[in-house]
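Working through the structure, step by step
Next come the chains, spelled out residue by residue.
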Number of protein chains: 4
Amino acid sequence: MEQTFQNVIDVALIGAGRMGSIHGPNAARHPGLKLKYVVDRHGENASRLADAFDAEVAALEQVLADPSIGGVLVCSSTDQHLDHVLAAVAAGKAVFCEKPLDLDLEKVRAAGPALRDARLMLAFNRRFDPHFVALKARVDAGAVGRLESLHLTNHDPAAPPPGFIPTSGGLFKDFTIHDLDLARWLLDEPIVEVFATASCLVDPEIGRQGDVDTARTLLKTASGRLCVISNTRRSGYGYDQRIEAFGSGGMVAAGNLAGDTVHVATEAGLTGTPILPGFLQRYAGAYRAEMDHFAEVVHGRCEPAVGYEAGLQALALAEACDLSVRTGRPVRF
Amino acid sequence: MEQTFQNVIDVALIGAGRMGSIHGPNAARHPGLKLKYVVDRHGENASRLADAFDAEVAALEQVLADPSIGGVLVCSSTDQHLDHVLAAVAAGKAVFCEKPLDLDLEKVRAAGPALRDARLMLAFNRRFDPHFVALKARVDAGAVGRLESLHLTNHDPAAPPPGFIPTSGGLFKDFTIHDLDLARWLLDEPIVEVFATASCLVDPEIGRQGDVDTARTLLKTASGRLCVISNTRRSGYGYDQRIEAFGSGGMVAAGNLAGDTVHVATEAGLTGTPILPGFLQRYAGAYRAEMDHFAEVVHGRCEPAVGYEAGLQALALAEACDLSVRTGRPVRF
Amino acid sequence: MEQTFQNVIDVALIGAGRMGSIHGPNAARHPGLKLKYVVDRHGENASRLADAFDAEVAALEQVLADPSIGGVLVCSSTDQHLDHVLAAVAAGKAVFCEKPLDLDLEKVRAAGPALRDARLMLAFNRRFDPHFVALKARVDAGAVGRLESLHLTNHDPAAPPPGFIPTSGGLFKDFTIHDLDLARWLLDEPIVEVFATASCLVDPEIGRQGDVDTARTLLKTASGRLCVISNTRRSGYGYDQRIEAFGSGGMVAAGNLAGDTVHVATEAGLTGTPILPGFLQRYAGAYRAEMDHFAEVVHGRCEPAVGYEAGLQALALAEACDLSVRTGRPVRF
Amino acid sequence: MEQTFQNVIDVALIGAGRMGSIHGPNAARHPGLKLKYVVDRHGENASRLADAFDAEVAALEQVLADPSIGGVLVCSSTDQHLDHVLAAVAAGKAVFCEKPLDLDLEKVRAAGPALRDARLMLAFNRRFDPHFVALKARVDAGAVGRLESLHLTNHDPAAPPPGFIPTSGGLFKDFTIHDLDLARWLLDEPIVEVFATASCLVDPEIGRQGDVDTARTLLKTASGRLCVISNTRRSGYGYDQRIEAFGSGGMVAAGNLAGDTVHVATEAGLTGTPILPGFLQRYAGAYRAEMDHFAEVVHGRCEPAVGYEAGLQALALAEACDLSVRTGRPVRF
């Protein structure tokens, strides 16, 4: 079902890096939005993207002062997310922000008064993935009875470069946070206990920088629902993104996507095409669905489905994971 | 690997019906093309599409006379394809034509001198489907040794309305023609024998109109390769589009695509999401790939990969199928 | 659901070769049967099997004269099947005979008066395979509406030794005959047309001996149901044994069995264990089910589910396939 | 590869209940063993089984005093396992014992001097399952590089009757113990940390009896390998028995087995036959492989592959799970 829009509303992109290069073009191509400005401290990034989509390179102040701008996409570096979001919200814009809001839970808490009721959409991509949305719809429709437990698999294909680690926030705040939000969304109940255990098995350099690369996290909700999160920084077989949800009447699962449907049978067995290699490919549909949702928000048709509160809670859970690993004990809320 | 283009070349769409509503928008959104004109005898179709993509409604003559127009997309009704193609070729345009060129083999033969060397791309969508392209790449790479036989499954989800039948050309020219072209592409050898058998099992009305709705066709090539084509007008389970290619060293197959990866396990078994319901969904990627190829042709970067000769040969094979059913005998070339 | 028997009835095995080495032990281990005698002109074959199962080596006359023998398993060479069956039937025994009854249709026809009403079970293994039985149950239960067409895949893993060809009866009588019987069983209607096309692609030696190794056969029934049979002597990927049945409401299929459920995901893709390599493994369950059925027959609890008439009809169809290939035309009944 | 034996050695079965009814017949049908005696305090159980396999009902003393008895199968109730094992070992017999040795870790520890070097095979069925054996072989062969983590799924189809709970030992000692042994076998390293969390979601009666029915357990090894165990007493979709093993070079997984390969495609989707419903069906092959191994032990061809030490360690881990749930903390070794 395609969205139709009577008019087009201008939006601006802040940050023309890795995520901006996904969301900027999606906004530019969206039938209800026009990409008017690109803001980036690296001029060449900004102008490359602006040129390709007939947008202007601009400074943040100019963007926020322009009353034609209905929405702002915050794709700057993580340490700038909060400042940019606060400024855009203060300027009355609808805001789309890449996760996380910030790596510092206290700063995020402090922004509560300003952001709790803002038109702020936090871009947790899994919530918009068509496969995971279909899974949740089945769970909600009672296809497997009352939900009892979850298994979330989130394995990155290959370890990030060592330089990425120091500013990443660590495995839990950078990576597991997706699963923590997914778990909150699916479990639909307060999480009362977090236990995480982790190792450095992929790359000793990650360990030297004080981080881990392989983890398992256990969550428990108020009514006793259980959730396992499986994470690794390097799968060796592509980007493994799966959910299994177990209920009183069965299981509903969402599997991986392969690059194509081709498989080859020989004496060595039946070999299918590898699963999609990374988030760009795997969540391309989710990123488009995010922009569809943000367009609805910009056009005033709905409130953001996921915003400040989700960002806060996922970060708090990620911090609990860190604490659990540090203390070797479960953290209870 | 995205295509990049230094400039944008204008194209025109002739026919804003079912197929034009796919190819027109794909051209309009293509980074190397601009949809300048829409031509349709039904004004409202033309203006609806033109409005949505900032194009003009125009008459055919105007389009062909405009030197800025580099390419023409012929998506008119089948009985007009050939006239439109000939006119556009005569005007020096690169031409994209929906299959078939015409239902009358003699007319197509007669157009040979004009079209054989023209920049004419015939839009056999299966040749551009990423899954089938991947399968052919495996076959060509020798993944299963020397190719020996093929099984092509092409089952429509639901019977067309009875009003469609009289002008359709019949099952073989309208529907099997896709598989006949696919077979030629994959078998890569002259086909020397055709035997087809058919029934009317889906809808007696189709039979009353002199057509069939269920068929199996056997092809044999010069070196003895065998190919089965399985067709039905109504599968009852979606749009079944599969290939199995058997070689001296194994099998390579391309399977169906489901709407999503979700599956539900209960006491009743494990149920996956239905396969895609029709060509719009199943070949969306193929249609985009067709436009990518046509853009290359319009920009003068390559010759059409599939053109007049393929259209002629597939039609001749479809006519042989008709003859085989009528006579109850194989047709040999 | 296990069979229980109050008493055990003695049976004899004629022929301790390849098939006898399957059926003899199955009879010996069956709770309702005891393998009393083994007959084989090659003494060492007979005694090897007899020793392993506490049976006696005996001559055919002795076996048929022994009133304790309730059933006879005819697993001799094909050219002796008919003689042994006729003798055992004349002696009042229940008879289990490996397919085919004979390669000569006239001889089989001539045996009609003696065998048509005999307690003769012809061991078409596919009819007893639990997977194919489950498929037929779904079809019969209307899971896919009214049956319209079938696709039978029967690909041998590797070509037989050249010495096998001269006495085999050729591809159709030796190999396709299984599918022809399967088609009759599933189509459940008179077959009115047979067209077969064939090549020698696997081994030129097979061609030099006047046989083919790759074939496709098309059957049509009285009401217009269509069936494709796909055969090759060498798949290169194991023993490919599949059925697809298409009806007015969908498709029911039976797939291949792998050696185990293990699969490995690496950057090269997802590789499953090869499908079972040959009939010994693939039809082990079918062979046990055959013996279960024969035990019921020997104990007088039921008539053979498949006997003379099925053997005659399948052979007649195989001969029609041969004729079709020879004449290049369909054969109509 | 079938085992061959020059002679047959007599064995006795102690306990003709649920597990005895599996192992007794397997022993009776084994080419290297003869079931001579059946011992059971419920005479009718013993005689039913003995009659069916030509064995004698006997008292334990008689069995142990009979020098012809080479092996004893202990399938009595759990609280008698240890007594029966000790007596049989003392009598010089090779012993096959159903898991667990006992529910009381201290008692098992105390039996160490007598059993550590005994010819005692503890029947952890998963270790003999052909699919899991194939998975381990791939891991050992380095198919996925260095092993890093495991996910074990062990979901019972339906909750046991409430009367079963009090003597079961609880979820961890009764059920998870299988996974704990499986984890030890696959991880191939000392486990240094156990954390378990559990709920009663399936049946409140289980909770009233002080047990849990849904649990997740996390194990960590000395080198940092991680293992998740997922357990529930009621899946609602059959007996879910899966392993995923993740290594530096990919994943190797063993999936579920369906009752047959049939699947049905309709507008509602593609539905496969349910997975096997319980341990009788799922581990039928494992039980036969257990008997093959025990026959080797009885014939003196090898030492038991899994014995006292494995039983002790798995029980100690199960007790650690209990302790972890009770204290809400991980248990470290």
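With an unreviewed UniProt entry as reference, chain A is termed Myo-inositol 2-dehydrogenase/D-chiro-inositol 1-dehydrogenase, source organism Brevundimonas bullata. If you open the UniProt record of chain A and go to Sequence similarities (unreviewed entry), you find "Belongs to the Gfo/Idh/MocA family."

As for the relation of the copies chain C and chain B
When chain C is brought onto chain B, the operation consists of a screw motion whose angular component is 180° and whose axial shift is 0.0 Å, with 0.0 Å RMSD remaining. Here the symmetry operator amounts to a two-fold rotation axis. Among all residues of chain C, the one whose C-alpha sits closest to the rotation axis is Arg329(C), at a distance of 3.0 Å.

Some thoughts on the interface of chain C and chain B
Taken together, the contact pairs 39 residues of chain C with 39 residues of chain B. Of all residues in chain C, the largest losses of buried area upon contact with chain B belong to Leu201(C), Arg216(C) and Leu226(C), amounting jointly to 18% of the total for that side. Where chain C touches chain B, the interface holds 4 salt bridges. Taken together, the connections running from chain C to chain B amount to 14 residue pairs in polar contact (both at pLDDT 80 or more). Every element with two or more residues in the side of chain C that touches chain B is listed here: strand 7 (147-155), strand 8 (191-199), strand 9 (214-221), strand 10 (226-232), strand 11 (240-247) and strand 12 (250-254) of chain C. Considered class by class, the residues forming the side of chain C that touches chain B number 12 nonpolar, 15 polar and 12 charged.

Points about the interface of chain D and chain A
Listed by partner, the interface residues are 39 residues for chain D and 39 residues for chain A. Taking both sides of the interface into account, the surface hidden between chain D and chain A amounts to around 3000 Å²; carbon and sulfur atoms contribute 55%. Inspection of the chain D/chain A interface yields 4 salt bridges. If you look at where chain D meets chain A, you find 14 residue pairs in polar contact (both at pLDDT 80 or more). Elements with a minimum of two residues in the side of chain D that touches chain A: strand 7 (147-155), strand 8 (191-199), strand 9 (214-221), strand 10 (226-232), strand 11 (240-247) and strand 12 (250-254) of chain D.

A closer look at the pattern of salt bridges
Applying the stated criterion to the full structure yields 76 salt bridges over all chains. Between Lys99(D) and Asp174(D) there is a salt bridge, and its shortest N-O distance comes to 3.9 Å. Taken together, the residues Lys99(D) in the loop between strand 5 (94-98) and helix 5 (105-110) and Asp174(D) in helix 8 (residues 170-187) connect sequence positions 75 residues apart. Grouping residues by exposure puts Lys99(D) and Asp174(D) together as buried. The network of salt bridges with shared partners includes Lys99(A), Asp156(A), Asp174(A) and Arg233(A).

Here we look at the sheet that holds strand 6 (residues 120-123) of chain C
Residues and elements named next belong to chain C. If you walk across this open sheet you meet the 6 strands as 3-2-1-4-5-6, and the pairing is parallel. Looking at strand neighbours, the two that pair on one side only are strand 3 (56-57) and strand 6, the edges of this open sheet. One ladder, built from 4 bridges, connects strand 4 (residues 69-74) with strand 5 (residues 94-98); its direction is parallel. Of the residues in strand 5, the one forming a bridge with valine 72 is valine 95. Strands strand 1 (9-14), strand 4, strand 5 and strand 6 of the sheet are contacted by helix 4 (residues 78-90), whose axis makes an angle of about 170° with strand 5.

Scoring rules and cut-offs
Residues numbered from 1 in each chain as written. Chains lettered and ligands numbered in written order. Predicted model: local features only at pLDDT ≥ 70, side-chain atom pairs only at ≥ 80, totals over all residues. Heavy atoms only, no water. UniProt positions renumbered as here; feature names shortened; annotations may be inferred. Least-squares fit on C-alpha atoms with pLDDT ≥ 70 in both. Contact = heavy atoms within 4.5 Å. Buried area = accessible area lost by both parts, 1.4 Å probe. Salt bridge = Lys/Arg side-chain N within 4 Å of Asp/Glu carboxyl O. Polar contact = N/O pair within 3.5 Å; in protein donor to acceptor, adjacent residues only side chain to side chain. Helix = DSSP H or I, 4+ residues; strand = E, 2+ residues; numbered from the N terminus. Nonpolar A, V, L, I, M, F, W, Y, C, P; charged D, E, K, R; others polar. Buried < 20%, exposed > 50% of the residue type's maximum accessible area, 1.4 Å probe, protein only. Pairing = 2+ DSSP bridges. Axes fitted to C-alpha atoms, helices over the stretch in contact; angles between N-to-C directions.

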